[in-house]
Amino acid sequence: MTAKIAILPGDGIGPEIVAEAVKVIGCLCEHYGFQVELEEAQIGGAAVDTSGEPLPEATLRLARQADAILLGAVGGPKWEILERRRRPEQGLLAIRSALGLFGNLRPAILYAELAGASTLRPEIVAGLDILIVRELTGGIYFGEPRGVRTLGTGEREAYNTLVYRESEIARIARLAFEIAGKRDGRLCSVDKANVLESSGLWREVVTRLAPEYPQVELSHLYVDNAAMQLVRAPKQFDVIVTGNLFGDILSDCAAMLTGSIGMLPSAALDERGKGMYEPVHGSAPDIAGRDMANPLATILSLAMMLRYSLNQAKLAERVESAVRRVLAEGYRTADIHTVGTRRVGTREMGDAITSALRAAAA
Ligand code: IPM
Ligand code: MG
């Protein structure tokens, strides 16, 4: 079967890191019999510049037709002055919502070779393997009403709505329970049930589902405590399930435990397992175009795509072991570079991965 992948490079370092992942795809085709059709489209600021919209109709159409989507990153200072609905980030939120990509998987894995790159002591993070399951199409990011209004006094007031339906909570909770069942069997649900009604319902729904998953041990934490526990003793976690905003914040925090956000892939899945794959880091405009960015998060996102959407678990493992091998050989981009390792640029890192893949195929 020929897989159809939509390639959406986006802004900043997006095009550079996606180019390295495309190189890896080419290598899989050449040496591992992978068959694929790639089609590229614009999203974010790049799309705003050419069409005035952060998510052009043609891009959405391509994404709908594809079996999976690979996205770089969106955004940058150039577009921050635009009105909100034209900003690059809206393109990302709109594609997540339009495709129903409610289930965001954000693994934080510490590669043994990078223990020294974490700001936490090695014994705190060694062997870390956490998965954050973030609800991605609801909560305060999408809740209505939202807006800015002017009060009678002339003062302005801005408001957003944090709303979750029972079905939305159950859907993301089930995904998390199922994944936890295939991992270490520990699921921690994170909310703010001591203050928020939406969190009260969240906790109730998650708790009600637990008996259906007897192999999973469920616990609950308030989000402030969860943030503290993540940096105090992160290895206590296996799978964390949480809402959109808390998941956004906690996943950056978990990312940093691993030494660099430049290493972390993600998947955003719909109800049938179709997905969009992107690095967790942003568009890093400060280093864009300088051959400095770490392409590994994007390459690892490709591995997730192979596993979760394209039914190619073997190829996913190949890509992941190529990444491990290249790290073991000492290759490091600037973000993970430490004394005694070999500092390389974006392209050289991508080349090292394809060499490792070729060597393993031979
Ligand atoms: C992320 C990003 C996005 C989010 C932004 C760019 C809209 O921070 O994917 O974590 O908040 O979801
Ligand atoms: Mg974020």
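Here the structure is a predicted model, which means the values were calculated and not measured.

(A) Layout of the packing of aromatic side chains. Throughout the structure, instances matching the rule amount to 2 aromatic pairs. We note R134 situated over the ring of Y141; from NZ or CZ to the ring centre the distance is 5.3 Å. It is R149 that lies over the ring of Y159; its NZ or CZ is 4.0 Å from the centre.

(B) Spotlight on the sheet that holds strand β11 (residues 267-269). Here 10 strands make up an open sheet; going across it, the order is β2-β1-β3-β12-β11-β4-β5-β10-β8-β9 and the pairing mixed. Both edges of this open sheet fall to β2 (36-40) and β9 (217-222), since each of them pairs with a single strand only. Ignoring strand direction, the axes of neighbouring strands in this sheet form an average angle of 25°. Strand direction decides the pairing type here: β11 and strand β12 (residues 275-277), joined by 3 bridges, are antiparallel.

(C) A look at the packing of helix α11 (residues 313-328) against helix α12 (residues 346-361). The contact between α11 and α12 brings their axes to 9 Å, and the two run at 115°. The way α11 lies across α12 gives a crossing that is right-handed. Counted together, R318, V319, A322, V323, R325 and V326 of α11 and M349, A352, I353, A356, L357, A359 and A360 of α12 form the full contact between these two elements. Residue composition of the contact of α11 with α12, by class: 11 nonpolar, no polar and 2 charged.

(D) A look at the pairing of strand β4 (residues 103-109). Taking burial as the measure, the 7 residues of β4 include 6 buried ones, the bulk of the element. Alignment of β4 against strand β5 (residues 129-135), held across 7 bridges, turns out to be antiparallel. Opposite I109, over in β5, you have D129 as the bridge partner. Relative to β11, β4 is paired through 3 bridges, and the arrangement is antiparallel. Across the sheet, the residue bridging to L105 is A267, located in β11.

Criteria and thresholds
Each chain has its residues counted from 1, running along the sequence as written. Chain letters start at A and ligand numbers start at 1, both assigned in the order the entries are written. Confidence filtering applies because this is a predicted model: local features only for residues at pLDDT of at least 70, side-chain atom pairs given and counted only at 80 or more, and all residues used for totals across whole chains, interfaces and linings. With hydrogens and water excluded, all non-hydrogen atoms of the structure serve as input to the side-chain values. Between 30 and 60 degrees the pair is tilted, below 30 it is stacked and above 60 it is edge-to-face, where a pair is any two Phe, Tyr or Trp rings, Trp via its six-membered ring, whose centres lie within 6.5 Å. Here, over-ring charges are defined by two tests on the NZ atom of lysine or the CZ atom of arginine: distance to the ring centre within 6 Å, and angle to the ring normal within 35 degrees. By the convention used here, strands pair only if DSSP detects at least 2 bridges between them. In DSSP terms, a helix is any run of H or I states spanning at least four residues, a strand is any run of E spanning at least two, and both are numbered starting from the N terminus. Fitted lines through C-alpha atoms give the axes, limited to the stretch in contact for helices. The angle between two N-to-C directions lies from 0 to 180 degrees. Here a crossing is taken to be left-handed if its near helix is turned anticlockwise relative to the far helix by less than a right angle, and right-handed if that turn runs clockwise. Should any heavy atoms of two residues lie within 4.5 Å, those residues are considered in contact. Under this grouping Gly is polar, as are all residues other than the nonpolar Ala, Val, Leu, Ile, Met, Phe, Trp, Tyr, Cys and Pro and the charged Asp, Glu, Lys and Arg. Burial status follows relative accessibility: with a 1.4 Å probe on protein chains alone, a residue under 20% of its type maximum counts as buried, one over 50% as exposed, and anything between as partly exposed.

Honestly, that's just the spatial picture; any functional story needs more than this.
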